[in-house]
Amino acid sequence: MKNVLVIGSGAREHAIAKAFGASHHELCIAVAPGNAGIAQEFATHELGSVAEIVGYCEENRPDMVFIGPENFLAEGLADELNRLGIPCIGPSQKAARIESSKIFAKELMQKYGIPTASFFFTYDENQAIEYIEKQGTFPLVIKADGLAGGKGVHIVQDKLQGIQAVKLLMSQTSKGVVIEQYLQGWEVSLFAFSDGEDFCSTVFSQDHKQLYDGDQGPNTGGMGAYAPVPEADFWRQDVEEQIIDPVLKAMREEGCPFVGVLYCGLMITSDGPKVVEFNCRLGDPEAQVVLPLLETDFYDLCQAIVNKQVAQLKLSWKPETCVAVVMASRGYPGSFQKGYPIYIDPSLEADICFAGVASKDGELVTSGGRVLSVLSLAESKEQARDKVYKELTKIHFQDRYFRKDIGLRDNEI
Ligand code: AMP
Ligand code: GLY
């Protein structure tokens, strides 16, 4: 029996635990801290900080730790576990800068010729404003340097909006801002499992980041996703040769080889794929649709990463499509009420990955903005969509909100 510990508390971590659960190895799976929904299926441990996780791992020596969220990686959890000789999936703190610092990522791409939007960065508010005042072409994209959960990005239509966004971002963070060219195209995500040297890419997936149908409204952490995205496969070789391979080489040359899951957020433009962002972990909700399609044993895949045997790995996939819809609390990503009971009809067939839920008097109640993801697999995207939207009617809580158009986007430039 091998002990596996998944770090994190969202739907992505629930999906990761389920992926381990589908392994043919005998695994004892725990999630830390997890949430009340995950606790219905897996053991959970109340570990909230890097120090607590490291202390627990030192004492219990799990056979594999999978680090879900970026914040622990940016705080150096993988370095600590590596120091203890505990196998873990997730990059070092230095390598996690590919996500934790947009400036690091943009400079790396510029230095190594990896296609991305042209950019300007500064730590100085006046310089940022001066730069915006000189621009003649809008929209422009303005981003905070540090981690912002997908919510630190402003797409501005004119100078006034640009200056307001700079002032807002500078007042929220002591870090710098990146101002970049707006990329026209369609967005898709690709994960690469890397042992530092070699990599294996997954099926493409597509997140729906905006709050409302038709990709309107504010950006969120993600309102739903589907995989695979067949039209993206045309670009796979370009993405691997022009983006993934060079960035992994670049990370080695910079002295911080990337071990773990590299998330490539891509824009397919009329000039081909360009990087919108790199993340240092699986995406949420993309993990909820990619992992259920994986036929390769997930524990074997993790072993290949930690044993530096990814070159010998070939991933196989179910010939199906998975669609996941996020059920959120109305008001998210702004303020919302919590504590509403969640009713799930026993006839529910779809799989659920729980996120913002808690337990009150033995009942599941809402406790976060993104409450849960519901997902269905079927032979085609249309069938998977039909299934998941039928199943959604079996889940109720007050103020529930979800997008009705997950998987309907036209992927056209
Ligand atoms: P990021 O946090 O960098 O992924 O940005 C969040 C979202 O903003 C992306 O998923 C895109 O939808 C959008 N975005 C970011 N950068 C650009 C860009 N340069 N051009 C167009 N859209 C962008
Ligand atoms: N789905 C976007 C992210 O995980 O960053």
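Up top is the structure these notes are about.
Cut-off values and rules
- Residues numbered from 1 in each chain as written.
- Chains lettered and ligands numbered in written order.
- Predicted model: local features only at pLDDT ≥ 70, side-chain atom pairs only at ≥ 80, totals over all residues.
- Heavy atoms only, no water.
- Core = buried A, V, L, I, M, F, W, Y, C linked by side-chain atoms within 4.5 Å.
- Buried < 20%, exposed > 50% of the residue type's maximum accessible area, 1.4 Å probe, protein only.
- Helix = DSSP H or I, 4+ residues; strand = E, 2+ residues; numbered from the N terminus.
- Contact = heavy atoms within 4.5 Å.
- Near = heavy atom within 4 Å.
- Polar contact = N/O pair within 3.5 Å; in protein donor to acceptor, adjacent residues only side chain to side chain.
- Areas by Shrake-Rupley, 256 points an atom, 1.4 Å probe, with all protein chains shown as cover.
- Nonpolar A, V, L, I, M, F, W, Y, C, P; charged D, E, K, R; others polar.
- Axes fitted to C-alpha atoms, helices over the stretch in contact; angles between N-to-C directions.
- Parallel < 35°, antiparallel > 145°, perpendicular 65-115°, else oblique.
- Left-handed = near helix turned anticlockwise from the far one by under 90°.
- Pairing = 2+ DSSP bridges.
- Phe/Tyr/Trp six-rings, centres within 6.5 Å; stacked < 30°, edge-to-face > 60°.
- Lys NZ or Arg CZ within 6 Å of the ring centre and 35° of its normal.
- Salt bridge = Lys/Arg side-chain N within 4 Å of Asp/Glu carboxyl O.

Visitor: When you look at the nonpolar core in this model, what are you seeing that I'm missing?
Guide: Grouped burial of nonpolar side chains is what soluble globular proteins tend to show. By size, the foremost hydrophobic cluster in this structure holds 76 residues, and its most contacted members are Ile67 and Ile98. When residues of this core are assigned to their parent elements, the largest contribution, seven residues, is made by helix α9 (residues 236-253). Counting residues in each nonpolar core, the second largest holds 47 residues, with Ala11, Ala225, Val290 and Ala304 among its members.

Visitor: I tried to follow the environment of Gly162 on my own but got confused; where do I start?
Guide: On the secondary structure map, Gly162 appears in helix α8 (residues 159-172). Leave out the neighbours within four places in its chain, and Gly162 touches Ile132, Ile142 and Val156.

Visitor: How do you make sense of the site of ligand 2 when you look at a structure like this?
Guide: Near ligand 2, the surroundings consist of Asp207, Lys209, Gly221, Tyr263, Asn279, Arg281, Gly283, Asp284, Pro285 and Glu286. At 2.7 Å from an oxygen atom of ligand 2 is found a side-chain nitrogen or oxygen belonging to Arg281. A distance of 2.9 Å is found between a nitrogen atom of ligand 2 and a backbone nitrogen or oxygen belonging to Asp284. If ligand 2 stood free it would expose 200 Å²; the protein chains cover 88% of that surface. Here the shell around ligand 2 is built from residues that sort into two nonpolar, three polar and five charged.

Visitor: Just to check I follow, could you spell out helix α6 (residues 102-111) for this structure?
Guide: At 3.6 residues per turn, the α-helix brings residues three or four places apart onto the same side. Here α6 has its buried residues at Ile103, Phe104, Ala105, Lys106, Leu108 and Met109. On its buried face, α6 sits against α5 (97-100), β6 (119-122), β9 (177-181), α9 and β17 (272-279). Taken from the residues just after α6, Gly113 is the one with a positive phi, measuring 65°.

Visitor: Help me understand the packing of helix α7 (residues 125-133) against α8, please; the structure alone is not making it clear to me.
Guide: Two measures define how a pair of helices packs: the angle their axes make with one another and the distance between the axes. For the pair α7 and α8, interaxial distance at closest approach is 9 Å and the crossing angle is 165°. By the criterion of interaxial angle, the relationship of α7 to α8 is roughly antiparallel. Here α7 and α8 pass one another in a crossing that is right-handed. Contacts between α7 and α8 involve Glu125, Ala128, Ile129, Ile132 and Glu133 from the former and Lys159, Gly162, Ile163, Val166, Lys167 and Met170 from the latter. Tallied by class, the residues present in the contact of α7 with α8 amount to six nonpolar, one polar and four charged.

Visitor: Looking at this structure, how should I read the sheet that holds strand β7 (residues 140-144)?
Guide: Within a sheet, adjacent strands bond to each other through the backbone by hydrogen bonds, running parallel or antiparallel. Judged by pairing direction, the sheet is antiparallel, and its four strands sit side by side in the order β6-β9-β7-β8 without closing on themselves. If you trace the sheet from one side to the other, it starts and ends with β6 and β8 (153-156), each paired once. The mean inter-strand angle of the sheet, taken between neighbouring strand axes irrespective of direction, is 20°. Pairing between β6 and β9: four bridges, direction antiparallel. Its bridge partner lying in β9, Phe121 is registered against Val178. Set on the sheet, α7 makes contact with β6, β7 and β9; between it and β6 the angle comes to about 155°. Sitting on the sheet, α8 is in contact with β6, β7, β8 and β9, with an inclination near 165° to β8.

Visitor: Mind showing me how you'd approach the site of ligand 1 here?
Guide: Looking at ligand 1, there are 15 residues lining it, with Lys143, Glu180, Leu183, Glu187 and Glu277 nearest. Glu187 is positioned with one of its side-chain polar atoms (N or O) 2.6 Å from an oxygen atom of ligand 1. In the complex, the protein chains occlude 94% of the 470 Å² of accessible area that ligand 1 would expose alone. Mapped by element, the contributors of at least two residues to the shell around ligand 1 are β7, β9 and β17. Residue composition of the shell around ligand 1, grouped by class: seven nonpolar, two polar and six charged.

Visitor: Explain the packing of aromatic side chains here, please?
Guide: Where two aromatic rings form a pair, the distance of their centres and the angle of their planes describe that pair. Applying the stated criterion across every chain, the model contains 10 aromatic pairs. Aromatic pair Phe20 and Tyr299: ring centres 6.4 Å apart, planes at 65°, arrangement edge-to-face. Placement of the pair is Phe20 in helix α1 (residues 11-21) and Tyr299 in helix α11 (residues 298-306), with a sequence separation of 279 residues. As far as the burial class goes, Phe20 and Tyr299 line up, both buried. Plain terms: the ring middles of Phe234 and Trp235 are 5.0 Å apart, the flat faces sit at 85° to each other, and that makes the pair edge-to-face. Look at Phe234 and you get exposed, because its relative accessible area is 65%. Three or more aromatic residues joined by ring pairs make a cluster, and in this case those are Phe20, Phe66, Phe298 and Tyr299. Here Lys404 stacks its cationic end above the ring of Phe402, 4.9 Å away from the centre of that ring.

Visitor: Please explain the pattern of salt bridges as it appears in this structure.
Guide: Pairing of side chains with opposite charge becomes possible as their charged atoms draw close. Taken as a whole, this structure holds 21 salt bridges when the rule is applied. Between Lys18 and Asp351 there is a salt bridge whose closest N-O contact spans 2.9 Å. Taken together, the positions of Lys18 in helix α1 and Asp351 in strand β20 (residues 351-354) put the pair 333 residues apart, joining distant regions of the chain. Between Arg236 and Asp233 there is a salt bridge whose closest N-O contact spans 3.0 Å. On the basis of relative accessible area, Arg236 is assigned to the buried category, the value being 19%. Ionic contacts of the salt-bridge type, sharing partners, join the residues Asp213, Asp215, Arg403, Asp405 and Arg409 into one network.

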